[in-house]
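Examination of the molecular architecture
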Amino acid sequence: MTQQSLWQFVSEQHEKLLVQITQHLGLTFLSLLLAIIVGLPLGILIARKRKLSGSVLGAAGILQTIPSIALLGFMIPAFGIGATPAIVALLIYALLPIIRNTYTGITGVNPAVIEAAKAMGMNRKQLLFKVELPLAMPVIIAGIRTAAVINVGVATLASFVAAGGLGEFIFGGISLNNTNMILAGAIPAALLAILLDKLIAVFQKIKYQNLRKLRYIIPVIFVIIGSGYWLTSSSENKLKAGFTPEFMGRQDGDLGLRSVYGLNVNPKVVSDAIMYKAAYEGELDLISGYSTDGRIKAFNLYVLEDDKKIFPPYFAAPIIKTKTLQKFPELEKTLDLLAGKFNDSIMTDLNYKSDYQNLTPEKIAKDFLIKNKLYKNPQNSNGATIRIGSKIFGEQYILTEIYKMLIEGYTHYRVETKTGLGGTKICFDALMNDAIDFYPEYTGTGLLVLLKPDEKTILEVSKSAESTYDYVNSEFQKQYGIQWLQPLGFNNSYALMMRKKQSKQLKIETISDLKHYLNSN
């Protein structure tokens, strides 16, 4: 296929890009406005009562050090998904520079000036608004500049909680191995940060008296830009849908739903880490998922029948460079011990133990190997080290741990695991760059995300899981020098799912039923 240029991608996706930029600006401005409303009074308070400064600044500093993804994760139980947890998280990140600079600016005012103002008979309010704030304003605005730039960057993670923004393109590109998509999100985000910094720098040079004249206009501008978020995020669909970034860009995903079923549900882009629970709790009504995911059972979800067959079955298998197999001669035979040991039911049950019963991957892996009479105690030898990678979801953690125990029990090799590497692009790039030696992959992902053949080829090779496996194995060897070892035995494909109770109430059993329901009055 001809490689699409960045400009071509942006031209095709310009409407979506404008929506994401509007959402990104909305999240940034709303959170920044709230941070100023909270942070400025706090800074003034600790400047007046300096005994509180250590604890307030310390608390704001601790909040600032919490990893962004973790902070968003903490927000979900309290605020659900969407704009609210994203805005609250961004507010928290913006507080420290605003509080600290307000405190520093006010306490840095020359004491002689303060004494002169008091000698003129100024009260505390007059002293604040006519002396301290005017002199401290350049320092305060510098803190707001810092907070604004931080928020533009952190707002890219808002797509993790289905809040939209430029993160949709960035994480979609990582999942789909699409550099143009990553750049289409990253470049505007960087430009927004630069432009916002330069714009606030202009206000930093304006005299305090002139700024006071704008004190009502600036918040209104913030609110107007913020309201653009709600306008671009509203949906007229009867059902709230959420799909993963990878599902959004695949033919056996949202693209297939649109072209084959004529189904456009205007989905939110959401991480699969929170998607199932969001459906269970009613935050979403329709989600994309994986046919062997244990959370289907855990959250009592109903998988809609794919009556037009856009979700073909795909095999899971380890992929590894041919030269790596030559370097570790015992490895292929050991990994193939798992060939055919799984089926859909077994993999779903293993995922259920991880996703719902909260058993560790180590416990699940060891029990599985013991049950299949494959477990051996580790040899604890000092042989060469094999590095196993995985993507960032439970099934991959389980498979990685099973492979680790097999290798340590059946060979003299040592094993190092590099789990949670993110999407397909990160794992595959790590394999190509020899950062890892192998990882479990899916033939559908190999076909549609990594090889990206033309539509005719996709239709021909997707007729069965076996033909897809044969094609990707052959092409990977030709193009990358990578082999697909024997399949594990279970079919992994996408699926659409709803809450079981809701699907029964609405009489939706198939994707065609869903289409008919959405089209009805």
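In case you missed it, the structure is sitting above this.
Residues numbered from 1 in each chain as written. Predicted model: local features only at pLDDT ≥ 70, side-chain atom pairs only at ≥ 80, totals over all residues. Heavy atoms only, no water.

Overview of the overall build of the protein chain
When you go through the protein chain residue by residue, the secondary structure sums to 26 helices and 10 strands. Structurally, the protein chain occupies a C-alpha span of about 90 × 65 × 45 Å along its principal axes. The proportion of buried residues among the 521 residues of the protein chain is 52%. Considering only residue pairs separated by 6 or more positions, the protein chain has 79% of its internal contacts joining residues 24 or more positions apart. With an accessible surface of roughly 24000 Å², the protein chain has 57% of that area assigned to carbon and sulfur atoms. Here the protein chain contributes 54 positive and 42 negative side-chain charges, whose respective centroids are spaced 13 Å apart. (Helix = DSSP H or I, 4+ residues; strand = E, 2+ residues; numbered from the N terminus. Buried < 20%, exposed > 50% of the residue type's maximum accessible area, 1.4 Å probe, protein only. Contact = heavy atoms within 4.5 Å. Areas by Shrake-Rupley, 256 points an atom, 1.4 Å probe, with all protein chains shown as cover. Lys, Arg positive; Asp, Glu negative; His and termini not counted. Charge placed at Lys NZ, Arg CZ, Asp CG, Glu CD.)

What about the packing of helix H7 (residues 124-154) against helix H9 (residues 179-205)?
Contact pair H7 / H9: the axes reach a minimum separation of 9 Å and the direction vectors enclose 170°. Taken together, H7 and H9 sit at an angle that is classed as roughly antiparallel. Between H7 and H9, the residues in contact are Pro138, Ile141, Ala142, Ile144, Arg145, Ala148, Val149 and Val152 and Ala189, Leu192, Ala193, Leu196, Asp197, Ile200, Ala201, Phe203 and Gln204, respectively. Partitioning the contact of H7 with H9 into residue classes produces 14 nonpolar, one polar and two charged. (Axes fitted to C-alpha atoms, helices over the stretch in contact; angles between N-to-C directions. Parallel < 35°, antiparallel > 145°, perpendicular 65-115°, else oblique. Nonpolar A, V, L, I, M, F, W, Y, C, P; charged D, E, K, R; others polar.)

A word on the nonpolar core
Counting residues in hydrophobic clusters, the biggest one holds 60 residues, and the most contacted among them are Leu27, Phe243, Leu257, Tyr276, Leu286, Leu496 and Leu514. The element that contributes the greatest number of residues to this core is helix H5 (residues 83-107), accounting for eight residues. Excluding residues within four positions of it along the chain, Leu514 makes contact with Leu239, Leu263, Leu286, Leu304, Leu496 and Ile508. Leu33, Ala35, Ile44 and Ala189 belong to the second-largest nonpolar core, a separate cluster that totals 43 residues. (Core = buried A, V, L, I, M, F, W, Y, C linked by side-chain atoms within 4.5 Å.)

Some remarks on empty space enclosed by the protein
Over the atoms, a rolling probe the size of a water molecule traces out where space has been left empty. Evaluation of the coordinates by the stated rule reveals two cavities of 30 Å³ or more. Contributing to the lining of the largest cavity are Tyr290, Thr292, Asp293, Arg295, Asn351, Asp355, Phe393, Gly394, Glu395 and Asn492. Every element with two or more residues in the lining of the largest cavity is listed here: helix H18 (344-355) and helix H20 (394-410). Among the residues making up the lining of the largest cavity, the classes are represented as two nonpolar, four polar and four charged. For the second largest cavity, the calculated volume is near 50 Å³. If you trace the second largest cavity, you find it lined by Ser68, Leu72, Ala86, Ala89, Leu90, Tyr93, Val154, Ala155, Leu157 and Ala158. Those elements giving two or more residues to the lining of the second largest cavity turn out to be helix H4 (68-79) and H5. The element that contributes the greatest number of residues to the lining of the second largest cavity is H5, accounting for four residues. Grouping the constituent residues of the lining of the second largest cavity by class yields nine nonpolar, one polar and no charged. (1 Å grid on protein atoms, 1.4 Å probe; cavity = no way out; pocket = protein on both sides within 12 Å on 5 of 7 lines; lining within 4 Å. Points joined across faces, edges and corners; volume = space filled by probe spheres on them.)

Remarks on the sheet that holds strand S2 (residues 268-269)
Read across the open sheet, the five strands follow the order S2-S1-S3-S10-S4; overall the sheet is mixed. Of all strands in the sheet, those bounded by a partner on one side alone are S2 and strand S4 (301-303). When strand S3 (residues 286-290) meets strand S10 (residues 494-499), the two strands line up antiparallel, connected through four bridges. Residue pairing in the sheet places Tyr290 in a bridge with Tyr494 of S10. Here helix H14 (residues 272-280) sits on the sheet in contact with strand S1 (241-243), S3, S4 and S10, set at roughly 130° to S3. (Pairing = 2+ DSSP bridges.)

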